[in-house]
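Take a look at the letters that make up each chain.
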Amino acid sequence: MGSEGPSPVIVHVTGFKKFHGVAENPTETIVSNLKDYMKKRGMPKGLILGSCSILDTAGQGALVPLYQTLQAALGGGDSESSNSKRVIWVHFGVNSGATMFAIENQAVNEATFRCPDEMGWKPQKVPIVHADGAISRKRETALPVEEITKVLAKMGYEVMTSDDAGRFVCNYVYYHSLRFAEQNGIRSLFVHVPLFLTIDEETQMQFAASLLEVLASLY
């Protein structure tokens, strides 16, 4: 009985709080409301929505809570049980100049913040992980970004694939998450969303729900 079909995909989600120039971060709203939204919509078969966390929009100063959040998803470090689980981290961040959704393929080992983060840190050309070497080092997601984008576009969403997650906090978090995912046999994905002024809240909630459904079907 217990071995029928693949194990469910567990998706953990993060968004960010406000930061310089963005007083209301849409990702805080999306992630805070996602569990209720998915319940009303009906959770697709084979998908479990795990933790929904809101991160400080900060790099180095927010590293400990970031790793605590990532580690908690592994469920107490029982490698036997975590190996049988298919776990995906989905990180939502805002790109205030964007007109469409962007599925990020990679992160770069470079922190060059255009403005200080919410803890006052403003690194310039600093490696995110010194042990990884040069700031040109890239880490790519193991998820099929092109395919995810195509399926979402067919559903009618304005969505693109991106190879540039910037050099600010979004890229910083994604780089750490991709490294953590590789070390722990799980998956990680970063998605940039526009402001609600550009794409309204309801459409963005629908997009987030559709993304989770697509991930569950493709992984």
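Just above, that's the structure.
Bear in mind that the values here come from a model prediction, so they are computed numbers and not experimental data.

**Regarding the overall build of the protein**
Per the secondary structure count, the protein includes 6 helices and 8 strands. Starting at the N terminus and walking to the C terminus, you meet the elements of the protein as β-α-β-α-α-β-β-β-β-α-β-α-β-α. Radius of gyration (C-alpha) of the protein: 17 Å, near the 17 Å computed for a compact globule of 219 residues. Projected onto its principal axes, the C-alpha positions of the protein cover 55 × 40 × 25 Å. Every one of the 219 residues in the protein was classed for burial, and the buried ones make up 49%. Contacts in the protein between residues at least 24 apart in sequence constitute 79% of all its contacts with a sequence separation of at least 6.

**So, the layout of surface pockets**
As a volume, the largest pocket reaches approximately 320 Å³. V94, N95, S96, A165 and H192 are, among the 23 residues lining the largest pocket, the residues nearest its centre. The set of elements that each furnish at least two residues to the lining of the largest pocket consists of β4 (101-104), β7 (159-162) and α5 (169-184). Among the residues forming the lining of the largest pocket, the class breakdown is 11 nonpolar, 8 polar and 4 charged.

**A look at the packing of aromatic side chains**
Applying the stated criterion to the full structure yields 11 aromatic pairs. Look at F101 and Y157: their rings are 6.5 Å apart centre to centre, the planes differ by 85 degrees, and that puts the pair in the edge-to-face class. On the criterion of sequence distance, the pair formed by F101 in strand β4 and Y157 in the loop between α4 (145-154) and β7 is long-range, its members being 56 residues apart. Here F101 matches Y157 in class, with each residue buried. Centroid distance W121 to Y172: 5.7 Å. Interplanar angle 80 degrees. Geometry classified as edge-to-face. Here W121, found in the loop between β5 (106-108) and β6 (138-140), pairs with Y172, found in helix α5; they are 51 residues apart in sequence, far enough to count as distant. In this structure W121 comes out as partly exposed when scored by relative accessible area, which is 21%.

**Thoughts on the pattern of salt bridges**
Inspection of every chain in the model, using the stated rule, returns 9 salt bridges. Of the charged contacts, one joins K17 and D56 as a salt bridge, the two residues approaching to 3.2 Å between their closest N and O atoms. Here K17, found in the loop between β1 (9-16) and α1 (26-41), pairs with D56, found in the loop between β2 (47-55) and α2 (63-72); they are 39 residues apart in sequence, far enough to count as distant. Residue classification places K17 among the partly exposed positions, given a relative accessible area of 34%. Given a relative accessible area of 31%, D56 falls into the partly exposed group. Members of the salt-bridge network, linked through shared partners, are D132, R137, R139, R179 and E182.

**Section: the sheet that holds β7**
Strand order in this open sheet of 6 strands is β2-β1-β3-β8-β4-β7, and the pairing throughout is mixed. The open sheet has two free edges, formed respectively by β2 and β7, since each of these has just one partner strand. Neighbour-to-neighbour, the strand axes of the sheet open up by a mean angle of 25 degrees, direction not taken into account. Looking at chain direction, β4 and β7 are connected through 4 bridges and run parallel. When the sheet's bridge partners are listed, F101 is paired in β7 with V159. The strands that α1 touches are β1, β2, β3 (86-94) and β8 (187-193); relative to β2, the one it contacts most, it runs at about 150 degrees.

Cut-off values and rules
- Residues numbered from 1 in each chain as written.
- Predicted model: local features only at pLDDT ≥ 70, side-chain atom pairs only at ≥ 80, totals over all residues.
- Heavy atoms only, no water.
- Helix = DSSP H or I, 4+ residues; strand = E, 2+ residues; numbered from the N terminus.
- Rg over C-alpha atoms; globule rule 2.2 N^0.38 Å.
- Buried < 20%, exposed > 50% of the residue type's maximum accessible area, 1.4 Å probe, protein only.
- Contact = heavy atoms within 4.5 Å.
- 1 Å grid on protein atoms, 1.4 Å probe; cavity = no way out; pocket = protein on both sides within 12 Å on 5 of 7 lines; lining within 4 Å.
- Points joined across faces, edges and corners; volume = space filled by probe spheres on them.
- Nonpolar A, V, L, I, M, F, W, Y, C, P; charged D, E, K, R; others polar.
- Phe/Tyr/Trp six-rings, centres within 6.5 Å; stacked < 30°, edge-to-face > 60°.
- Salt bridge = Lys/Arg side-chain N within 4 Å of Asp/Glu carboxyl O.
- Pairing = 2+ DSSP bridges.
- Axes fitted to C-alpha atoms, helices over the stretch in contact; angles between N-to-C directions.

Keep in mind that these numbers describe shape and distance, not what the molecule does.
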